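Understanding the architecture of this molecule
For reference, the chains in residue letters:
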Amino acid sequence: MANITLEQVMTALRGVEDPDLRRDIVTLNMARDVKVEGDRVSMRLVLTTPACPMKDKFRRDIEGALKPLGVTSVAVEFDAEVRRAPGPAQPAGHGGQPAAPRMPEVKAVIAVASGKGGVGKSTVATNLAVSLAKTGAKVGLLDADIYGPSMPVMLGLRGAKPYIDEKHGKIVPLERHGLKVMSMGFMLDEADAVVWRGPMLGKALQQFIEDVAWGALDYVVVDMPPGTGDVQLSLAQLLPVAGVVVVTTPQDVAFADVRRAIKMFEMTRTKVLGLVENMSHFVCSKCGTDHQIFGASRIEAHAKDHGLDVLAQLPLDVVTAVAADAGEPIVIAEPDSPAAAEYARLAGQVAQKLAILTHAEDAPASKFASFFQGKPS
């Protein structure tokens, strides 16, 4: 039996690199609770996100690194810790001192935005949030579309009302499909209309951020209203948004408005993680032919013009709309569908980009230069 020491194992593990962060798993403090018993090794590998799609690769690389030592068995237990994501600098509080952080227990705020309405932004936000939760992440969903809240319908929460925790003076969010959810729709009857001017919109958003008991969460996905108005500016002022996913459809007229949204996020120094093309194509269920109903996609060219990535191209199908009306996102209603698979891939890409951002401050800038130019390696 080989006489394998813990020091030898840790040295070998330095040869296993996180492909996104370009550093080894020992330096990143990902390899923990490493134990050596004869020719067997056990360890806990703490990933940067529960949505990491490379668990099998990590396992193979670890086994390959330890095999030359004479290790015959490797037991890898996967865990995850989402680090707090950086965001745009927030204004100072009274007396020039740093303002108290809002949502202090939330690791990363992800905004889902669009330049115009009708592109399926709320559908993307909902399914992205649920897909992240299905990986084991703790996720919240904030419906910031004050005028047109859709979460009560899309999550099967029609008529549901949150309550106030009298002890702590906080609104307790509703829970559904593994999410903590807050929406103006919970405060209104379905036939009610919100007829407010801009300052009241900002105040409502502030209350959803400060007066809701969100608790400790890895991600909060914010479903933004369409356009570039008061709510978008208020969110940028209230929270350090880690990144934005911008949703569009294949038509050039839709992307014309997306350009304005991208420009707004540049002005507020908010990182755009990439683009999602919704209703990208339709696959006939009978013949399998792929139809581009809204014309040939130019999303790759548009993304390249802005130095951004295409995070997903989501199909147009009947099931997604029917499932949403029934209160079940497509990733719940049809978990084995092509749309659900694409949402899972989207969740992985978003989590991956946020993980890179959170570690960027700890590494030489050159290693992350391609990411910040919109060209992750």
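As shown above, the structure is provided for reference.
Residues numbered from 1 in each chain as written. Predicted model: local features only at pLDDT ≥ 70, side-chain atom pairs only at ≥ 80, totals over all residues. Heavy atoms only, no water.

**Details of helix α11 (residues 338-360)**
Between its first and last C-alpha, α11 extends 33 Å over 23 residues, near the 33 Å set by a 1.5 Å rise per residue. Most of α11 is tucked away, with 18 of its 23 residues classed as buried. (Helix = DSSP H or I, 4+ residues; strand = E, 2+ residues; numbered from the N terminus. Expected span 1.5 Å × (residues − 1). Buried < 20%, exposed > 50% of the residue type's maximum accessible area, 1.4 Å probe, protein only.)

**Some remarks on the packing of helix α1 (residues 6-13) against helix α2 (residues 55-66)**
Two elements in contact, α1 and α2, have axes separated by 9 Å at closest approach and are oriented at 130°. The orientation of α1 with respect to α2, classified from their angle, is oblique. Seen from above, α1 lies across α2 with right-handed handedness. For the pair formed by α1 and α2, the contact residues are Val-9, Ala-12 and Leu-13 on the first element and Ile-62, Ala-65 and Leu-66 on the second. (Axes fitted to C-alpha atoms, helices over the stretch in contact; angles between N-to-C directions. Parallel < 35°, antiparallel > 145°, perpendicular 65-115°, else oblique. Left-handed = near helix turned anticlockwise from the far one by under 90°. Contact = heavy atoms within 4.5 Å.)

**What to know about the environment of Ala-108**
Mapping Ala-108 onto the fold places it in strand β6 (residues 106-114). Take Ala-108: its relative accessible area is 3%, and that puts it in the buried class. Separated by 110 residues in sequence, Ala-108 and Asp-218 have C-alpha atoms that sit 6.3 Å apart. Residue contacts for Ala-108: discarding those within four places in its chain leaves Ala-85, Asp-218, Tyr-219, Val-220, Ala-242 and Leu-354.

**Describing the environment of Asp-24**
Tracing the backbone through its elements, the reader meets Asp-24 in strand β2 (residues 23-24). Residue classification places Asp-24 among the buried positions, given a relative accessible area of 15%. For the pair Asp-24 and Leu-13, spaced 11 residues apart in sequence, the C-alpha to C-alpha distance is 7.5 Å. Among all residues touching Asp-24, those that are not within four sequence positions of it are Leu-13, Arg-14, Val-16 and Glu-17.

**Describing the sheet that holds strand β7 (residues 139-143)**
In space, the 8 strands of this open sheet follow the order β10-β11-β7-β12-β6-β13-β14-β17, with mixed pairing throughout. Since the sheet does not close on itself, it has two edges, and those belong to β10 (174-176) and β17 (310-313), each with one partner. Pairwise comparison of adjacent strand axes, ignoring direction, gives a mean angle of 25° for this sheet. Pairing analysis gives 6 bridges linking β6 to strand β12 (residues 217-223), with the strands arranged parallel. Along β12, the bridge assignment pairs Ala-108 with Tyr-219. In the packing of α11 onto the sheet, contacts are made with β6, β12, β13 (243-248), β14 (272-277) and β17, and the angle to β17 comes to roughly 170°. (Pairing = 2+ DSSP bridges.)

**Some details on the nonpolar core**
With 86 residues, the main nonpolar core has Leu-132, Leu-142 and Tyr-219 as its most contacted residues. For Leu-142, the contacting residues outside a window of four places in its chain are Met-103, Met-182, Leu-205, Phe-208, Ile-209, Trp-214, Val-220, Val-221, Val-222 and Asp-223. Counting residues in hydrophobic clusters, the runner-up holds 25 residues, among them Ile-4, Ile-25, Val-41 and Met-54. (Core = buried A, V, L, I, M, F, W, Y, C linked by side-chain atoms within 4.5 Å.)

**A word on the sheet that holds strand β4 (residues 40-47)**
Strand order in the open sheet formed by 3 strands is β3-β4-β5, and the pairing between neighbours is mixed. Of all the strands in the sheet, the pair left with one neighbour each is β3 (31-37) and β5 (73-80). For this sheet, the mean inter-axis angle between neighbouring strands, taken without regard to orientation, is 10°. As paired elements, β4 and β5 share 8 bridges and run parallel to each other. Within β5, the residue paired with Met-43 across the bridge is Val-76. Set on the sheet, α2 makes contact with β4 and β5; between it and β5 the angle comes to about 145°.

**Side note on the side chain of Ser-183**
Tracing the backbone shows Ser-183 in strand β11 (residues 179-183). Given the relative accessible area of 0%, Ser-183 is considered buried. Reaching out from Ser-183, the side chain makes a polar contact with the side chain of Asp-143 at a distance of 3.0 Å. Engagement of the side chain of Ser-183 in a polar contact is seen with the backbone nitrogen of Gly-185, the distance being 3.0 Å. When near neighbours in sequence (up to four residues on either side) are disregarded, Ser-183 contacts Asp-143, Pro-149, Met-151, Pro-152 and Phe-208. (Polar contact = N/O pair within 3.5 Å; in protein donor to acceptor, adjacent residues only side chain to side chain.)

**Focus on the pairing of β7**
Burial analysis of β7 places 5 of its 5 residues in the buried class, the great majority of the element. Two strands pair when backbone bridges link them, and β7 and β12 are joined in this way by 5 bridges, in the parallel orientation. If you follow Leu-142 over to β12, its bridge partner there is Val-222. Here β7 pairs with β11 via 5 bridges, running parallel.

**Describing the pattern of salt bridges**
Summed over the entire model, instances satisfying the criterion amount to 10 salt bridges. The salt bridge involving Glu-81 is made with Arg-32; its shortest N-O contact spans 2.9 Å. Of this pair, Glu-81 sits in the loop between β5 and β6 while Arg-32 sits in strand β3, placing them 49 residues apart in sequence. Classification of Glu-81 by relative accessible area gives partly exposed; the value is 41%. A salt bridge links Asp-79 to Arg-44; the nearest nitrogen and oxygen atoms lie 2.8 Å apart. (Salt bridge = Lys/Arg side-chain N within 4 Å of Asp/Glu carboxyl O.)

**Some words on the pairing of β3**
Here 5 bridges tie β3 to β4, and the two strands are oriented antiparallel to one another. Bridge pairing links Lys-35 to Ser-42 in β4. Counted between consecutive antiparallel strands, the loop separating β3 from β4 contains 2 residues, among which Gly-38 sits at a positive phi close to 65°.

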